[in-house]
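As a plain string of letters, each chain reads:
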Amino acid sequence: MDRGFHRYHPATCMIYYIGYFILCMLLHHPLFLIASLIGIIIFNQLQDGGRQLRSYFVMYLVLALSILVLNPLFTRRGREILFYLWDQPVTLEAITSGWNMALSMLCILFGFVSFNLTITSGKFLYIYARFLPKSALVLMLAVRFVPLLKRRLYEISTVQRTKGVDVSTGRYWKRAKDGMLLLQTLLTWCLEEALQTADSMQSRGYGLVRQRTSYQRYLMRKEDYLLILQLSVLFILCAVGWSLGYGKLQIYPVLESIAFSSTEWWFFLAWIIYIVTPILIEGRDEWRWGSLSK
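Residues numbered from 1 in each chain as written. Predicted model: local features only at pLDDT ≥ 70, side-chain atom pairs only at ≥ 80, totals over all residues. Heavy atoms only, no water.

Asks: Looking at this structure, I do not really get the packing of helix α8 (residues 222–243) against helix α9 (residues 262–293). What am I missing?
Replies: Packed helices, taken two at a time, are described by the angle their axes make and the gap between the axes. At a minimum axis separation of 8 Å, α8 and α9 run at an interaxial angle of 150°. Here α9 runs roughly antiparallel to α8, going by the angle between their axes. Here the hand of the crossing between α8 and α9 comes out left-handed. Of the residues in α9, those touching α8 at Leu227, Gln230, Leu231, Leu234, Phe235, Leu237, Cys238, Val240 and Gly241 are Phe267, Ala270, Trp271, Ile273, Tyr274, Thr277 and Ile281. Among the residues forming the contact of α8 with α9, the class breakdown is 13 nonpolar, three polar and no charged. (Axes fitted to C-alpha atoms, helices over the stretch in contact; angles between N-to-C directions. Helix = DSSP H or I, 4+ residues; strand = E, 2+ residues; numbered from the N terminus. Parallel < 35°, antiparallel > 145°, perpendicular 65-115°, else oblique. Left-handed = near helix turned anticlockwise from the far one by under 90°. Contact = heavy atoms within 4.5 Å. Nonpolar A, V, L, I, M, F, W, Y, C, P; charged D, E, K, R; others polar.)

Listed below in structure tokens is the structure:
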């Protein structure tokens, strides 16, 4: 039984993620961003138990901490000076700005982990290959580039370790030599497969916009239209709130309070509903599956 958010039409899922990424970049209020971060972490947990997210978590966390630390060191703006570091003022406004940027970046990066789990390469090409075949192919390759290389490097390392090729043991010279051997094997594998993929796609008529059919068909159902309508209404509400100045924290020249006004709570509620929509779908389908299994 196909269940969960990914069973919806690829265009429906794509609309959700496009709205999520746009609003994460627009809504720079700490409470909005914290809600986004919690929501996308729960969604990743429901999708695959959080395995993909855990594999990137440390790297993403280091990037976020770098922004959080470096922004106050290089930004001199702000009135509320907390302390001096190397004779340079560190302001509360600069720390708040760095905090917002770090949260926003984490929301987007975690969102892309979820995006890769939902929008597979086949779904991505299904949506865009008819209209933008070359651009869709380049985008698809860019999105799956890092996860694919990481997975292949892990497979190569596992096999080569049985032959004594291991970058985690031995002297530095041996580790460097083994690392270059792994890198050479990885590049050879990728180049050979790239040639085979190019020949295969050419023989199957990729890029012929009208004549080419899709291997897997996805049908728009009634629930897809209803979900698109719901997401569109929520997105417009959040966008209107942003245009009116809600969902944003004024940092310069004077840091305003993070407390919501009475009107801002409604836009925050709309954003919460937008975030938890796929979570509720995952929970609902899991509950149905559990009921049928009994």
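Text resumes after the structure shown.
Asks: Help me out: how do you make sense of empty space enclosed by the protein in this one?
Replies: By rolling a water-sized probe across the atoms, one finds the places where empty space is left. In this structure the tally under the stated criterion is one cavity of 30 Å³ or more. Space inside the largest cavity adds up to approximately 30 Å³. Along the walls of the largest cavity sit Leu27, Phe32, Cys238, Gly241, Trp242, Tyr246, Gly247 and Phe267, which together make up its complete lining. Of all the elements, α8 adds the most residues to the lining of the largest cavity, at three residues. Considering only residue class, the lining of the largest cavity consists of six nonpolar, two polar and no charged. (1 Å grid on protein atoms, 1.4 Å probe; cavity = no way out; pocket = protein on both sides within 12 Å on 5 of 7 lines; lining within 4 Å. Points joined across faces, edges and corners; volume = space filled by probe spheres on them.)

By themselves, these are just geometric observations and shouldn't be taken as functional.
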